[in-house]
Structure formats: structure tokens, C-alpha cells
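# Close look at the chain arrangement
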Amino acid sequence: MYIVTAQEMYDIERHAIGEVGIPSVVLMETAGRSIASEIVPQLKGPEQIMVAIGAGNNGGDGWVIARVLLEKGYQAIAVQTVPDAKIKGDALLNKQIFEKVGGHVEYATTQGDFKAKMRKADIIIDAILGIGTRGDVREPYKGFINSINESCATVISVDIPSGIEASEGATGKDAVQADQTYMLGAAKLSAFLPKTAPYFGEWQLLDIGLPRISFESRVNRKLTTIADVRKTLQKRNPFAHKGTYGKGLIVGGSEFMPGSVTMTVMAALRTGAGLCTVATEKAAIPSIAANCLEAMYKDRAGIPEMDLSDFDGIAMGPGMGQDKTAGELVNNLFRGAECPLVIDADALQHAKEMLHAGVRKGRATLLTPHPGEMARLLDIEIGELLANPFSYSARFAEQTGSYVLLKGKHTIVTAPDGRQSVNNTGNAGLAKGGTGDVLTGIVLALAMQQDDPFEALRCACHIHGLSADIQVESAHSEHDLLATDVVKGIGAVYRKLL
Ligand SMILES: NC(=O)C1=CN([C@@H]2O[C@H](COP(=O)(O)OP(=O)(O)OC[C@H]3O[C@@H](n4cnc5c(N)ncnc54)[C@H](OP(=O)(O)O)[C@@H]3O)[C@@H](O)[C@H]2O)[C@@H](O)CC1
Ligand SMILES: [K+]
């Protein structure tokens, strides 16, 4: 599933129409028909359906929906919210077809009119504004949108809730609060931004016949699916030995924070790593070892003398602390490790200057910040980051040559070459201490088993979220889920994947 900005969607559409030769009116017909086919099974028959129609092609889809519903015998009323002169092209053609098959057009150009038309509606189909929306919503649309939000009717938005821009930076001010949104052709980026995602309600992507070739080279952002994860999973070789799937080093934990690194190492082992060594403060080793019998342990003071080429992957950060010694260790590993290096938690801040200086360019460097950590790496406010997480991640990944996993409800993974993917597994149960440490372990294990760090990161967050989802569906709830449950759930994820 592709995720697009408005500009990317227009480029894709232009290619499909101009280069491939699909008539634009066919796309509009498919769009309207596919939405109507989704709505019909939800109808019982007597509902009053109001299709609120704006000037652009979003309104054009609305005319098709109104016609299809009318033809099927439902009580669909088309309410045009703009003067006749504003309706042009394919939208005008579909308005004319609607009228020719017996459809009656009602007009509402003031909020008062609109409210009056809306009064009897059980369902409002919102085809007022689509991806052509720019900036703050103007009157009279603002008033229409507020009226829709005050009504008790079920609201179904066409392509995007009216008032929301498809791209980053959208405020969500004066936007339709949809119960359901049917996105057309590709998912819109604002459906994955914290401020605007809630307006989409339940959403679904509908195929409108845009060919694959029109997407290629025009968009490099996708949602990770379980099929993507399956495709990248390696079959375990029956002749494998414990060195085959990676010897990992995990640097972190401390006397008063032994739990974090314990969860990291357990998660790495559960995700298939062959051998793991934990390097931590000497005083922390007994408590960590008591909870993870399968790992080996080293005093972190010995890291400068270690031969790092013994390892296929190194993760550092969880529970490491922000003291000077931790900083020196990060410096040492950051410069010395040739293998993939996963940097999390406290280690991120220690690595900040070296990242900006591009010290590891050309060597796989995987970062797993939460928004607060990412904002500190970028020296910006969290709010600014959360309004534009895709572009900040892309710029940072490109400038530093690192792979970035920005945690969130919709975790975003970015490669230095600009590829991005969004994850939507996981639930509110993950908002608890320790779950990030678990993710670091999964990332380390996959970074040692897959050649492409981008694939490793996007599979890791999918597996992490899926584990939480399976746990919440079976043994736990979003309230009681613990990070250690997420580690335990990895087994169920693999049984589902394999
Ligand atoms: N992609 C595809 O392949 C396909 C796409 N399709 C559909 O086309 C839709 C995109 O159509 P589109 O380009 O005509 O834009 P759309 O949003 O309907 O209208 C723009 C209108 O909004 C207005 N306006 C703008 N900002 C405003 C503001 N702040 N406040 C108030 N008004 C504002 C602007 O007014 P103006 O500034 O011109 O006065 C203009 O009249 C897309 O979402 C999908 O549904 C399908 O048909 C099938 C194929
Ligand atoms: K809309």
C-alpha cells in the first residue's frame, strides 16, 4: 500500500491519464462506484443519504456515488455546495449524467441552507473537498464542515475528510470528523500524522485501477504488510549452527537499571539471533544473567580491548546511562564497529555529534529514537517534528547516512536513499517502559539476518507491534501488557508468519 502526498498523487494520476491513457472519467467512475459498493452493504433501505458535493473532482466522485445509490433504489440526495459556474470537466459531466438518470440537485450555498438540508440525513457522504485543499478552510465550507460535525448522522468521507490536506503540516483545524473514510488509489500521508489521523475515523483504501507503473519512481513510501515481513524471513537452514544467524553484542544496562538490557537480549534471542553477549557494568551481571541463561556476559570496562570484528551486529543504549564512561563507550563503538550498529536510548545523545559529522557513512547505522530523542537529535521542538515526521526523518537519514526508525503509533522507518515505510501494528499497551528495549533486541537480531537494514527495521517494528496485538487478543489487555509479555509473544508472531 503506497502512502502519498497530494503532489505525488497528482503526479501518479497525471501519468495514468497522460502516459498510460486511462481516461480520467474512468478513474472517477471507478472511484465513485467502488465507494458506493462499500456503502451499500451497510444500508438497510430507509436511510436518508445526503451527498454533500463541492466544486472539484472530489465532488465529481460524489455525483457518481449519488447516481449509483439512486439507481439501486436508495434515497440519495445530492446537495451542491457551490454555484453552477464552479463545476467543470469530469465533475460537470457526472452532474449531467446524474440529472439525466432522474437525479434531482439541491443547492446549499449558506450554512443555514446546508443545515436545513442536513436535518433529515441519517448518512452524510462528504464529497466537499479532496486532496486539492490548501491551507485553512475558507467560508462557506468552514460552516458546512462545522455543521456536519454537529450532526448525529454517520459521516463517510470520500478520499479524505474535507478540510484536511493530504500532505504534512496539516493542522486538522475545521475538518470533517469522519466515521469512515474511503481513500482512493493510495493512502494519504495525513492519515498517519498524529494531529490529523483521528479525523479519518476507520479508513479503507480502495483500488481505482491506477496501474503499478504509475506509482513506480513517483513514490517511495509504503505501509509494511505482513506479506512484506514474510517475504524477507529467512528459512532456517537445517545445517545451521549457532554462528549462522548472527553473533550479537548488546551494550547497556547498569547496576540500577539491569532490566532494560535483559529485555533487549531476550528479544534478540527470541527473534533468532544465534549468540548474544551482553556488555554491562560488572555489578549488573548477576541479576541480568539470572534472567537470561542463554546469553554470555562481559564487563563493559573491557570494551576498548574487545575485537569488535567477532560480532555481526552491535546494539547499544538501553539502560546505559548518560555518564562520561557511557559516552566514551559509544564513541569507541561508533567509530570502531564495522558491522551494523543499532543505537537506542541514552546512546543516541552520546552519538549526536558523530552522526551529524557523518562518521559512519557507508557503514550500517540504525537509530531507534522516540519523538523526544529524535527532536533532540534535530534540535527542534517535538510539535514541529510530529507535524512533519516524514520530511524530518528523510532529511536526517540522508544527511547522516543512517537508517532511522521513528517510534510512534505509526512508526516511520527511513533509509538514507529516501525509502520510507510506515508500520501500523501495535496498540496502546506498548505505551509502557521497556517496550523500546524489546524493539532494540528485535532490530539487532534482524539486522544480523538481513542484508538491507531498511528491511530489518521495518520487519522489526511490524513483529514488535504484532506481538503486542496477539498478546492483547489472547492473554492480556492494553492495560496490563508488559514489555516482557511482548518478548514472550514473539513466538506466536513467528508461528503466524511461518
Ligand atoms: N487522484 C486520482 O487519481 C483521482 C482523484 N479523484 C478525486 O479527485 C479529488 C481531487 O480533485 P481536485 O484536484 O479537483 O481537488 P478537490 O479537493 O476536489 O477540489 C479543490 C477545490 O477545493 C477548493 N479549495 C482548496 N483549498 C480550499 C480551502 N482552504 N478552503 C476552501 N476551499 C478550498 C478549491 O477552490 P478554489 O481555490 O479553486 O476556489 C477547489 O474548488 C481527489 O481527492 C479524489 O476525490 C477521483 O475522481 C479519481 C481519480
Ligand atoms: K472529502
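Given the structure is predicted, the values throughout are model-derived calculations rather than measurements.

## A look at the overall build of the chain
- Of regular secondary structure, the chain possesses 18 helices and 19 strands.
- Burial analysis of the chain (498 residues in total) assigns 57% to the buried set.
- The contacts of the chain with a sequence gap of at least 6 include a subset with a gap of at least 24, amounting to 72%.
- A gap of 2 Å separates the mean positions of the 49 positive and 57 negative side-chain charges of the chain.

## What about the coordination of the potassium ion (ligand 2)?
- Protein-derived ligands of the potassium ion (ligand 2) are N58 (OD1), D126 (O), L129 (O), V158 (O), I160 (O) and S162 (OG), with the metal-ligand distances lying across 2.6 to 3.1 Å.
- Its six donor atoms give the potassium ion (ligand 2) angles of 65 to 175° at the centre, a pattern that matches the irregular case.
- In terms of primary sequence, the donors binding the potassium ion (ligand 2) are separated according to N-x67-D-x2-L-x28-V-x1-I-x1-S.
- For V158, a relative accessible area of 0% translates into the label buried.

## Observations regarding the packing of helix α11 (residues 324–336) against helix α12 (residues 346–356)
- Interhelical geometry of α11 versus α12 gives an angle of 50° and a closest axis separation of 9 Å. Between α11 and α12, the interaxial angle falls into the category oblique. Note on packing geometry: the crossing formed by α11 with α12 is right-handed. Along its contact with α11, which presents A326, G327, V330, N331, F334 and R335, the element α12 presents A347, H350, A351, M354 and L355.
- Its residues assigned to classes, the contact of α11 with α12 comprises seven nonpolar, three polar and one charged.

## Remarks on the nonpolar core
- Among the nonpolar cores identified, the biggest contains 81 residues, and L69, F114 and I125 are the most heavily contacted of them.
- When we break this core down by domain, the ones giving at least three residues each are domain 1 (3–219) and domain 2 (226–497).
- Not counting the four nearest positions on each side in its chain, I125 is found in contact with I39, I49, M50, V51, A52, I65, L69, I156 and V158.
- Within the second largest apolar cluster, 55 residues are counted, among which are A295, V438, C459 and A460.

## Quick word on the UniProt feature "binding site: K(+)" (unreviewed entry) in the chain
- Those residues carrying the UniProt feature "binding site: K(+)" (unreviewed entry) are N58, D126 and S162 in this numbering. In summary, the annotated positions, though distributed over 105 residues, converge in three dimensions, the widest C-alpha pair being only 9.3 Å.
- Following the sequence through the fold, D126 ends up in strand β5 (residues 123–127).
- In contact with D126, other than residues within four places in its own chain, are A52, N58, V155, I156, S157, V158, I160, P161, S162 and V176.
- Looking at D126, its side chain comes within polar contact range of the side chain of S157, at 2.6 Å.

## What about the packing of aromatic side chains?
- Tallying each qualifying case throughout the model produces five aromatic pairs.
- Between F114 and F144 the ring centres are 4.7 Å apart and the planes differ by 20°, which places this aromatic pair in the stacked class. With a gap of 30 residues between them, F114 in helix α5 (residues 111–118) and F144 in helix α6 (residues 141–150) connect regions that are remote in the sequence. In this pair, the class of F114 matches that of F144, namely buried.
- Note on F192 and W203: the rings are 5.7 Å apart at their centroids and 80° apart in plane angle, and the pair reads as edge-to-face. Here W203 lies in strand β9 (residues 202–206) and F192 lies in the loop between β8 (187–188) and β9, a separation of 11 residues in the sequence.
- Judged by its relative accessible area of 2%, F192 falls in the buried class.
- Put simply, the rings of F114, Y141 and F144 pair up and form one aromatic cluster.
- Note that R236 overlies the ring of Y245, its terminal NZ or CZ placed 3.8 Å from the centroid.

## Thoughts on the side chain of T280
- Along the polypeptide, T280 turns up in strand β12 (residues 275–280).
- Dropping the residues within four chain positions of it, T280 is found in contact with G252, G253, S254, I285, I288, K298, D299 and R300.

## Some words on the site of ligand 1
- In the vicinity of ligand 1, 25 residues are found, and the nearest of them are Y10, D61, G130, R134 and D159.
- A distance of 2.9 Å separates an oxygen atom of ligand 1 from a polar backbone atom of N57.
- D61 is positioned such that a nitrogen or oxygen atom in its side chain is 2.5 Å from an oxygen atom of ligand 1.
- Protein contacts shield 84% of the accessible area of ligand 1, which totals 950 Å² for the unbound molecule.
- Elements with a contribution of two residues or more to the shell around ligand 1: α1 (6–20), α2 (24–39) and α3 (57–71).
- Along the lines of polarity and charge, the residues of the shell around ligand 1 split into 11 nonpolar, seven polar and seven charged.

## With respect to the pairing of strand β7 (residues 180–184)
- Buried residues dominate β7, accounting for five of its five residues.
- Pairing geometry for strand β6 (residues 154–158) and β7, over three bridges, is parallel. From the neighbouring strand, I156 faces β7, where its bridge partner is Q180.
- As defined by bridge partners, β7 adjoins β9 across five bridges and the pair is classed as parallel. For L184, the partnering residue across the bridge sits in β9 and is L206.

## Let's talk about the domain arrangement of the chain
- By the assigned domains, the chain splits into domain 1 (3–219) and domain 2 (226–497).
- Summarising the inter-unit geometry, the C-alpha centres of domain 1 and domain 2 are found 41 Å apart.
- Across the domain 1/domain 2 interface, buried area totals approximately 740 Å², and carbon plus sulfur atoms make up 66% of it.
- When the buried area of domain 1 at its contact with domain 2 is split by residue, E168, F192 and P194 rank highest and sum to 57% of it.
- The interface formed by domain 1 and domain 2 includes zero salt bridges.
- Applying the counting criterion to the domain 1 and domain 2 interface returns three residue pairs in polar contact (both at pLDDT 80 or more).

## Looking at the sheet that holds strand β13 (residues 296–299)
- Pairing is mixed in the open sheet, where 10 strands are placed in the order β10-β19-β18-β17-β16-β15-β14-β11-β12-β13. Because the sheet does not close on itself, it has two edges, and the strands there are β10 (221–223) and β13. Each strand of the sheet is rotated relative to its neighbour by a mean of 15°, with strand direction disregarded.
- Pairing of strand β11 (residues 247–251) with β12 involves five bridges; the strand directions are parallel. From the neighbouring strand, I250 faces β12, where its bridge partner is V278.

Criteria and cut-off values
Residues numbered from 1 in each chain as written. Chains lettered and ligands numbered in written order. Predicted model: local features only at pLDDT ≥ 70, side-chain atom pairs only at ≥ 80, totals over all residues. Heavy atoms only, no water. Helix = DSSP H or I, 4+ residues; strand = E, 2+ residues; numbered from the N terminus. Buried < 20%, exposed > 50% of the residue type's maximum accessible area, 1.4 Å probe, protein only. Contact = heavy atoms within 4.5 Å. Lys, Arg positive; Asp, Glu negative; His and termini not counted. Charge placed at Lys NZ, Arg CZ, Asp CG, Glu CD. Donors = N, O, S within 2.8 Å, 3.2 Å for Na, K, Ca; no water. Tetrahedral: all angles 85-135°; square planar, octahedral: opposite > 155°, others 65-115°. Axes fitted to C-alpha atoms, helices over the stretch in contact; angles between N-to-C directions. Parallel < 35°, antiparallel > 145°, perpendicular 65-115°, else oblique. Left-handed = near helix turned anticlockwise from the far one by under 90°. Nonpolar A, V, L, I, M, F, W, Y, C, P; charged D, E, K, R; others polar. Core = buried A, V, L, I, M, F, W, Y, C linked by side-chain atoms within 4.5 Å. Domains from an automatic or database assignment. UniProt positions renumbered as here; feature names shortened; annotations may be inferred. Polar contact = N/O pair within 3.5 Å; in protein donor to acceptor, adjacent residues only side chain to side chain. Phe/Tyr/Trp six-rings, centres within 6.5 Å; stacked < 30°, edge-to-face > 60°. Lys NZ or Arg CZ within 6 Å of the ring centre and 35° of its normal. Near = heavy atom within 4 Å. Areas by Shrake-Rupley, 256 points an atom, 1.4 Å probe, with all protein chains shown as cover. Pairing = 2+ DSSP bridges. Buried area = accessible area lost by both parts, 1.4 Å probe. Salt bridge = Lys/Arg side-chain N within 4 Å of Asp/Glu carboxyl O.

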